[in-house]
Amino acid sequence: MKQLRHSVIRAGLEALYFTRAHHLLRPIFGGVGAIFMLHHVRPGRSDEFQPNRHLEVTPGFLRATLLHLGSEGIDVISMDEVHRRLVERDFARRFACFTFDDGYRDNRDYALPLLREFDAPFTVYITSDFAEGTGRLWWIALEAVIANAHSIEVEIGGAATRIDADSPSAKQAAFDRLHDWLRGLPAEHDLSREIGALCARHGVDQAAICRDLCMSWDELKRFSDDPLVTIGAHTLTHCSLARQAEPTARHELAASRERIEAVVQRPVVHLAYPYGDRAAASAREFALAREAGYRTAVTTRPGMIFPETAKHLTALPRVSLNGNYQDVRILPVLTSGAATAMWNGFRRVDAA
Ligand SMILES: [Zn+2]
């Protein structure tokens, strides 16, 4: 199913490109700017089974994006400057803003040198537990479990289930099924328990994954001293905020910010909601983020920034630079807003 969805999206993007419809749509859907969402930036792998590939782009694709923005005369600006332009309604020039979720070390090793070359500021949203080395990057742990297994036994809805994982396509199907099951569990501790049990049975060390991929507090301290870098918050535990009781959600928002401020010695005023979709962040979370003192908060809802977005500063949409669509031909489609307009059914603002 996921493969089919990728094919449909790619066909849509290509149709927009080849019909040049994005040129016609730009004045209506191009907005005043875009906030790009990225996770990993690192060289590609050749493995057939890469279920999390949508979360990574290559340095080459990031460079192509930066070159494209330059050729279009689009300013690359920080989140502080996005906030200023929206509040002061300064829309004389189109802008792009680069944001990276989770705090991966490859952001420092591969993205920073490139962004420096283009003098491009960017924001990295940190999950406290990931910097602590104790976080659960369960989607990556699940990939590791399946990559080395021939089959997986789990109890789904009370029934013992054996899932085949013997070929790359079976592994992908197993990942899709288990990923949807884990995200659908009633509470965060259910997810922790189940992925913990799978990892224990298959010899996968979640803490090692975390320490291997994420910057530590010491590394973040040095990283944040770079004038191009803004550090934002991404909660304490990377939980789905909408599924937490209100006091817990408040604590996740306030304590993560204090923890980062203690390390970087600077106010932290920008937030990214973990998962960031409608099920993880909606009206209550947008209000809680505002009350917690965040000036901006980004979602994973697709969309460009319009003047009317200024009324929803803690519900900002983003444009994903998705590893499954690393084709330079789609860049003009993405910056035209035609792609996000297509995904949104041609609505400009979606902040309810
Ligand atoms: Zn995240």
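These numbers were taken from a predicted model, which means no experiment stands behind them.

How do you make sense of the overall build of the protein when you look at a structure like this?
If you tally the helices and strands in the protein, you get 15 helices and 12 strands. A compact globule built from 352 residues should have a C-alpha radius of gyration of about 20 Å, and the protein, at 20 Å, falls within 12% of that. Overall, the C-alpha framework of the protein stretches about 60 × 50 × 40 Å when taken along its three principal axes. By the burial criterion, 56% of the 352 residues in the protein qualify as buried. Taking as baseline every contact in the protein between residues at least 6 positions apart, the subset at least 24 positions apart corresponds to 74%.

So what exactly am I meant to see when it comes to the pattern of salt bridges here?
Oppositely charged side chains are able to pair whenever their charged atoms sit close together. According to the stated counting rule, one finds 27 salt bridges in the structure shown. The partner of Asp-75 in a salt bridge is Arg-93, and the shortest N-O contact between them spans 2.6 Å. With a gap of 18 residues between them, Asp-75 in strand β4 (residues 75–76) and Arg-93 in the loop between α4 (79–87) and β5 (95–102) connect regions that are remote in the sequence. Owing to a relative accessible area of 15%, Asp-75 belongs among the buried residues under this scheme. Note on Arg-93: relative accessible area 44%, which makes it partly exposed. Connected via shared salt-bridge partners are Asp-75, Glu-81, Arg-84, Arg-85, Glu-88, Asp-90 and Arg-93.

Rules behind the numbers
- Residues numbered from 1 in each chain as written.
- Predicted model: local features only at pLDDT ≥ 70, side-chain atom pairs only at ≥ 80, totals over all residues.
- Heavy atoms only, no water.
- Helix = DSSP H or I, 4+ residues; strand = E, 2+ residues; numbered from the N terminus.
- Rg over C-alpha atoms; globule rule 2.2 N^0.38 Å.
- Buried < 20%, exposed > 50% of the residue type's maximum accessible area, 1.4 Å probe, protein only.
- Contact = heavy atoms within 4.5 Å.
- Salt bridge = Lys/Arg side-chain N within 4 Å of Asp/Glu carboxyl O.

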